[in-house]
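Listed below are the residues making up each chain.
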Amino acid sequence: MTVLVLTCEADVTADMVVAELHEQGVPLVRFDPADLPGTGALSAEYVRGEFRGYLSIGGRVASMQGLRSVWIRRPGEPAAHAAEPSEWLSVETAHALYGMLDCTGARWMNHPSAAAKARRKPWQLRVAHQSGFPVPATLLTTHPSMARQFAEQYRNVVVKSVSGKSPGDPPMALPTTLVPPDADFSGVAAAPTLLQRYVAKRADVRLTSVGDQHFAARKAAEPGQVDGRYGDTGHEWEPVEVPAQIARAVEAYKKQAELAYGAFDFAEDSTGTWWFLECNQGGQFGFVELETGLPIARAVASWLGAEPM
């Protein structure tokens, strides 16, 4: 049976998993929805109650009846590489492709409907709290007065993007920024704004959860550091043990979110508490594996290549 990897051409993280799948002798087809229609093609047939479907790319064919799993890693926008791309064509292609894949008995990492809900920060924070994670006090608002009161109450607060990225090609990440309590919050009325109590951290922690396996890495932070994605601290990622209560919370979170994979980000404070910041349902792990040697790609490949129950 075949593993279907949905991702773009330039994806080093996917390359690592593909290499592991080859090593394990698992058949796979790598397919970018951006190439459909064009170099990629599909066909689905419903005859007398029977379903037969196929995807093909570069001379390789994946039968929908023979799919063991689907990994949605970093797929391009459907029909983006078409001869005459359009918003309508992208919608049509997405409905055809993902609708066809939904007809299979394949396992998903992660299913598009679960992934879409898991991206929404307000929902993430609620599920994180219900799962047992420590979560910093957070406010999402378009009321300047509420933002002002929140900042006055907690004094040290940060402002974050709700969606995690700004429009553009390529999209740009917005840094988490520390704001003083006497800041002008009138601009909050222009767009939903997420404010969160600032956690003075001694380290960033990235926990990558694959099925029932959890891989954690820690990188020491510089004093006063706000966003670990920006600036060179001079420290590297190092493997770290996962506390039992964090492992239980991860499992509870993934069960409620219906995720097979999640990249969890934490801020570790001076007491050693891991404060939940977010869970990226499609987060990268290549940089962590390359610095720590944690066998994350192998775990992903093993999950994808496991025989159906």
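- The name given to the protein chain in an unreviewed UniProt entry is ATP-grasp ribosomal peptide maturase, and the organism recorded there is Streptomyces kurssanovii.

Description of the pairing of strand β3 (residues 40-47)
1) Next: Pairing analysis gives eight bridges linking β3 to strand β4 (residues 50-57), with the strands arranged antiparallel. Considered in β4, the bridge of Tyr-46 is made with Phe-51.
2) Next: From the end of β3 to the start of β4, which pair antiparallel, there are two residues, and Arg-48 there has a positive phi angle of about 50 degrees.

Section: the nonpolar core
1) Next: By size, the foremost hydrophobic cluster in this structure holds 28 residues, and its most contacted members are Val-17, Leu-21, Trp-71, Met-109, Val-210, Val-300 and Leu-304.
2) Next: Of all elements in the fold, only β1 (2-7), α1 (12-23), β15 (213-220), β17 (261-269) and α8 (296-305) reach the threshold of two or more residues within this core.
3) Next: Ranked by residue count, the leading element in this core is α8, at seven residues.
4) Next: Not counting residues up to four positions away in its chain, the partners in contact with Val-210 are Met-109, Phe-215, Lys-254, Ala-260, Tyr-261, Ile-296, Ala-299, Val-300 and Trp-303.
5) Next: Grouped together as the second largest cluster of nonpolar side chains are 20 residues, Ala-118, Val-205, Phe-264 and Phe-276 included.

Regarding the packing of aromatic side chains
1) Next: All told, the structure shown has 13 aromatic pairs when counted by the stated rule.
2) Next: Where Phe-133 meets Phe-264, the ring centres are 5.9 Å apart and the plane angle is 40 degrees; that geometry is what we call tilted. Taken together, the residues Phe-133 in the loop between α4 (121-131) and β8 (138-141) and Phe-264 in strand β17 connect sequence positions 131 residues apart. Each member of the pair, Phe-133 as well as Phe-264, is classed as buried.
3) Next: Just above the ring of Trp-303 sits the side chain of Arg-107; from NZ or CZ to the centre is 3.8 Å.
4) Next: Taking NZ or CZ as reference, Arg-197 lies 4.8 Å from the ring centre of Trp-275, over its face.

Remarks on unusual backbone geometry
Backbone geometry follows two general trends: most residues other than glycine have a negative phi, and most peptide bonds adopt the trans configuration.
1) Next: In the segment running from Leu-36 into Pro-37, the intervening peptide bond is cis, with an omega of -5 degrees.
2) Next: By the element assignment, Pro-37 lies in the loop between β2 (28-31) and β3.
3) Next: A cis amide bond, omega -10 degrees, links Met-109 with the succeeding residue Asn-110.
4) Next: Locating Asn-110 in the fold gives a position in the loop between β7 (107-109) and α3 (112-118).
5) Next: At Arg-48, a position not held by glycine, the phi torsion is positive, near 50 degrees.
6) Next: Along the polypeptide, Arg-48 turns up in the loop between β3 and β4.
7) Next: For Arg-48, a relative accessible area of 80% translates into the label exposed.

Definitions and cut-offs
Residues numbered from 1 in each chain as written. Predicted model: local features only at pLDDT ≥ 70, side-chain atom pairs only at ≥ 80, totals over all residues. Heavy atoms only, no water. Pairing = 2+ DSSP bridges. Helix = DSSP H or I, 4+ residues; strand = E, 2+ residues; numbered from the N terminus. Core = buried A, V, L, I, M, F, W, Y, C linked by side-chain atoms within 4.5 Å. Buried < 20%, exposed > 50% of the residue type's maximum accessible area, 1.4 Å probe, protein only. Contact = heavy atoms within 4.5 Å. Phe/Tyr/Trp six-rings, centres within 6.5 Å; stacked < 30°, edge-to-face > 60°. Lys NZ or Arg CZ within 6 Å of the ring centre and 35° of its normal.

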